[in-house]
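# Descriptive analysis of the structure
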Amino acid sequence: MAKKMLVDLQRCIGCWTCSMACKVGNGLDDEDYRITVRTNGSGAGIDRPQGIYPNLRMSWQPIYQKSCTFCAENVAEGNGQYCVMDCPTQALAWGDDTDPESAYCQGVQRCLDLHYHLFELPAREGTRANVTYAVRE
């Protein structure tokens, strides 16, 4: 049994609400981020698309840092994670990966039904474990 986070990259709009909800909810210092949002585009800067007009592409990927606790204190009190609660597009789901009724398992099944590719970041990224990403290929 492991608690895991599912990030549906097709729903993420790069708004940073997950990061800001985490920061405010956990009372973090201004320079302390447990979630950052990576822009997948041209690589020339934040929010710069890849391609040539009119065929431009850009996507975003919330990156959970090792300092992320999945809001353990908040969950222990019977509440959810700030990032999940505040995501305006419902791109995030958290839960027990062995419980078919958990939001995580239901989200994974929805993504599999849509033929999404599921993956985790490699250890070399130095990010939090137990974060599964879903993307349409």
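The structure we're discussing is the one just above.
All of these numbers come straight from a predicted model, not from anything done at the bench.

Attention now moves to the sheet that holds strand S6 (residues 92-96). The 4 strands are arranged S6-S1-S8-S7 in an open sheet whose pairing can be described as mixed. In this open sheet, the two strands that pair with only one neighbour each are S6 and strand S7 (117-119). Here the average twist between neighbouring strands, direction ignored, is 25 degrees. Sheet strands in contact with helix H4 (residues 103-113) are strand S1 (3-8), S6, S7 and strand S8 (131-135), and its direction is about 40 degrees off that of S1.

One finds Met-5, Val-7, Tyr-64, Leu-92 and Tyr-133 to be the most contacted residues of the largest nonpolar core, which totals 23 residues. Formed by 8 residues, the second largest nonpolar core is a distinct cluster that contains Ala-93, Val-108, Cys-111 and Ala-134.

Here we come to H4. Within the sequence span of H4, burial applies to Tyr-104, Cys-105, Gly-107, Val-108 and Cys-111. Taken down its axis, H4 places every buried residue within 160 degrees of arc, on the same side. Considering only its buried residues, H4 is in contact with S1, S6, S7 and S8.

Backbone torsion omega between Tyr-53 and Pro-54 reads 10 degrees, so that peptide bond is classified as cis. For Pro-54, the location among the structural elements is in the loop between strand S3 (50-52) and strand S4 (55-57). With phi around 55 degrees, Phe-70 is a residue other than glycine that occupies positive phi space. Relative to the elements of secondary structure, Phe-70 occurs in the loop between strand S5 (59-64) and helix H2 (72-76). Residue class for Phe-70 comes out buried when judged on its relative accessible area of 5%. We note that His-115 has phi near 65 degrees; this positive angle belongs to a residue other than glycine. Here His-115 is to be found in the loop between H4 and S7.

Reading the values: rules and limits
Residues numbered from 1 in each chain as written. Predicted model: local features only at pLDDT ≥ 70, side-chain atom pairs only at ≥ 80, totals over all residues. Heavy atoms only, no water. Pairing = 2+ DSSP bridges. Helix = DSSP H or I, 4+ residues; strand = E, 2+ residues; numbered from the N terminus. Axes fitted to C-alpha atoms, helices over the stretch in contact; angles between N-to-C directions. Contact = heavy atoms within 4.5 Å. Core = buried A, V, L, I, M, F, W, Y, C linked by side-chain atoms within 4.5 Å. Buried < 20%, exposed > 50% of the residue type's maximum accessible area, 1.4 Å probe, protein only. Arc of directions from axis to C-beta.

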